[in-house]
Amino acid sequence: MTDEEIRQALHKAMDRRLSGMREDPFLAQRVLAGTKGEKPMKKKLSVSLALALALILMASVALAAGLGLFDKLAERWEDSRLSELSTISDVIGVTVTTDDGITVEIDQCYYEGDRVFISYRESGNLYSCVRHEGAPSSDIQWDWTEKDFICAENMISDVPAQQEDLLWLNGEGQRWEEVYHASIHDGLTLADGTYLEIIGGDITVQEDGSIIGWKECVIPAWKQADTLEIKAILFRTNSIVFQDGKNYRKATTRGEDTDILFTVKRNEDLNYLSGTFMNDVYAVAADFKAGKIDIRGEIRLSCPEEWVKAHDDWDYHSSEDLIEEYSLYVGDVPLENGGPEWERYDEHMIFFGLQYSRPETLEGLKLVPIYTQSGAHLQEAIPLVKPVNN
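Here is what the cut-offs are and how they apply
- Residues numbered from 1 in each chain as written.
- Predicted model: local features only at pLDDT ≥ 70, side-chain atom pairs only at ≥ 80, totals over all residues.
- Heavy atoms only, no water.
- Phe/Tyr/Trp six-rings, centres within 6.5 Å; stacked < 30°, edge-to-face > 60°.
- Buried < 20%, exposed > 50% of the residue type's maximum accessible area, 1.4 Å probe, protein only.
- Helix = DSSP H or I, 4+ residues; strand = E, 2+ residues; numbered from the N terminus.
- Contact = heavy atoms within 4.5 Å.
- Pairing = 2+ DSSP bridges.
- Axes fitted to C-alpha atoms, helices over the stretch in contact; angles between N-to-C directions.
- 1 Å grid on protein atoms, 1.4 Å probe; cavity = no way out; pocket = protein on both sides within 12 Å on 5 of 7 lines; lining within 4 Å.
- Points joined across faces, edges and corners; volume = space filled by probe spheres on them.
- Nonpolar A, V, L, I, M, F, W, Y, C, P; charged D, E, K, R; others polar.
- Salt bridge = Lys/Arg side-chain N within 4 Å of Asp/Glu carboxyl O.

Undergrad: What should I look at first to understand the packing of aromatic side chains in this one?
TA: To describe a pair of aromatic rings, one takes the distance between the centres and the angle between the planes. Under the defined criterion, the tally for this structure stands at 8 aromatic pairs. Seen in terms of ring centroids, W144 and F149 are 5.8 Å apart; in terms of plane orientation they differ by 55 degrees. Their pairing is tilted. By relative accessible area, which is 14% here, F149 ends up buried. The interplanar angle of 70 degrees and the centroid separation of 5.0 Å between the aromatic rings of W144 and Y248 together place this pair among those described as edge-to-face. Here Y248 lies in strand β12 (residues 247-254) and W144 lies in strand β5 (residues 144-146), a separation of 104 residues in the sequence. The exposure class assigned to W144 is partly exposed, which follows from its relative accessible area of 31%. Take Y248: its relative accessible area is 1%, and that puts it in the buried class. Following the ring pairs from residue to residue traces out a cluster consisting of F277, Y282, W307 and Y371.

Listed below in structure tokens is the structure:
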């Protein structure tokens, strides 16, 4: 059997976690029959043999969990959520091969709350470049013109072949390139065309030249449902890139798009936590949501106007000791694998967005303010607790 056939067979029989063994009623019946002395359907199994079979099944589950692309990506990137995604994601296994020699596989997917994660592989005719000395035709309609912009000094690619071509446009005279590029669009799209903005992800190039990657995209509130049909869009572009001494020009023509459709189901196993704190200087409230892979939320700080100005204006420097950010603690120990994600401001408000990998326990969590001069103030921590009606 191929890797894909093995993976599909395993996932029809069990969940990717060990609790999935309950999904095989025939195995359960054999184990119970051995322990109770009942007559099995076919040949009687000893308890030891039944347990041995169960252990083999456990090993198969562990092996299956290591077959996904999230596992490979976890070896390359420091985001600790990737390892967890490798065990809880659904196997999609949708593969599309196009007439122009490109293969895209959507390997795994996980949908939780308002976000969807995918891992994928691209291979085949993804990139080509023809280099030229001098200048291209003068009748090209440029859609990007930049003065005092040298490609080699301002652009970078994780793909070795693309990086070499970028470095060739080094500003030493006139050089131009004819570039063909194919890849999955940064964001995903619902079947009805609604765009799902990307907020996380990356790629890594394999030894065989294929590209594996992952994406984390947001689903708008008005489009969220228990089951969604999503598509990744494979695009192609043809570009003329011209490094005219110190100036840069580019003209791009969009080619054919290919839709790769797949269906996702949402995990509803979420925990909600909130907390407040107030003193003579400020008041603060926080709401967080913990799923299977991370905990994330928003902190709303009502504070002096000077604090807002110090955050919002890069040129403003305050001598006051003020809250710079918040960190998530378990007891008196700060958590790693996460931190501030974003900030936004109002006249007397600062909003902080935080995200951490899910800790082992949700008990004893608190948000600790970190001041610009005096550091962490544990005495001003916001305890995060589950609502009484949750």
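Undergrad: What's the story with the environment of Y180 in this structure? I'm lost.
TA: Looking at the secondary structure, you find Y180 in strand β6 (residues 174-184). On the basis of relative accessibility, which here comes to 13%, the residue Y180 falls in the buried class. When sequence neighbours within four positions are dropped, the list of residues in contact with Y180 reads D100, I102, N125, L126, Y127, S128, R236, T237 and N238.

Undergrad: Any chance you could explain the sheet that holds strand β14 (residues 271-278) here in plain terms?
TA: For sheets, the rule is that strands pair by backbone hydrogen bonds, running either parallel or antiparallel. Taking strand neighbours across the sheet as the criterion, the 5 strands line up as β14-β15-β16-β20-β19 in an open arrangement whose pairing is antiparallel. Each edge of the sheet is formed by a strand with only one pairing partner; in this case those strands are β14 and β19 (338-345). Between one strand and the next, the sheet's axes are offset by a mean angle of 15 degrees, whatever the strand orientation. Most of the contacts of helix α8 (residues 305-312) go to strand β20 (residues 349-357), to which it runs at about 60 degrees, and overall it touches β16 (294-302), β19 and β20.

Undergrad: What's the story with the environment of A381 in this structure? I'm lost.
TA: Along the chain, A381 turns up in the loop between β22 (375-376) and β23 (382-383). Between the alpha carbons of A381 and Y329 there is a distance of 9.0 Å; along the sequence they are 52 residues apart. The residues contacting A381, other than those within four sequence positions of it, are F277, K366, L367, V368 and P369.

Undergrad: Explain the pairing of strand β11 (residues 227-244) to me, please; I cannot follow it from the model alone.
TA: The side chains of a regular strand alternate, first on one face of the sheet and then on the other. Counting buried residues along β11, 14 of its 18 residues qualify, which places the element largely inside the surrounding structure. Bridge analysis of β6 against β11 gives 11 bridges, and the strand direction is antiparallel. When the sheet's bridge partners are listed, S183 is paired in β11 with F235. Looking at chain direction, strand β7 (residues 188-190) and β11 are connected through 2 bridges and run antiparallel. Within the sheet, the bridge partner assigned to T189 lies in β11 and is K231. Note that β11 and strand β13 (residues 258-267) share 8 bridges and pair antiparallel. Among the inter-strand pairings, L234 is bridged to a residue of β13, identified as T258. With 8 bridges joining them, β11 and β12 adopt antiparallel strand pairing. When the sheet's bridge partners are listed, F242 is paired in β12 with R249.

Undergrad: What exactly am I supposed to notice about the layout of surface pockets here?
TA: A water-sized probe, rolled over the atoms, reveals where empty space remains. Here the largest pocket defines a volume of roughly 790 Å³. For the largest pocket, the lining is made up of 36 residues, of which S157, Q162, H181, S183 and F235 are closest to its centre. Where the lining of the largest pocket is concerned, the elements lending two or more residues are β3 (115-124), α7 (160-168), β6, β9 (198-205), β10 (211-218), β11 and β12. When residues of the lining of the largest pocket are assigned to their parent elements, the largest contribution, 6 residues, is made by β6. Its residues assigned to classes, the lining of the largest pocket shows 18 nonpolar, 9 polar and 9 charged. Its boundaries defined by the atoms lining it, the second largest pocket holds a volume of some 590 Å³. In this structure, the second largest pocket is lined by 26 residues; those nearest its centre are R296, G297, E341, L354 and Q355. When residues of the lining of the second largest pocket are traced back to their parent elements, those giving at least two are β10, β14, β15 (283-290), β16, β19 and β20. For the lining of the second largest pocket, the element with the most residues is β20, which contributes 5 residues. Here the lining of the second largest pocket is built from residues that sort into 8 nonpolar, 8 polar and 10 charged.

Undergrad: Sorry, what's going on with the pattern of salt bridges here?
TA: Pairs can form between side chains of opposite charge whenever their charged atoms are close. Enumeration according to the criterion identifies 20 salt bridges in this entry. The salt bridge partner of R115 is D294, with a shortest N-O separation of 2.7 Å. Here R115, found in strand β3, pairs with D294, found in strand β16; they are 179 residues apart in sequence, far enough to count as distant. Pair check on accessibility: R115 and D294 agree, each one buried. A salt bridge links R300 to E298; its shortest N-O distance comes to 3.5 Å.

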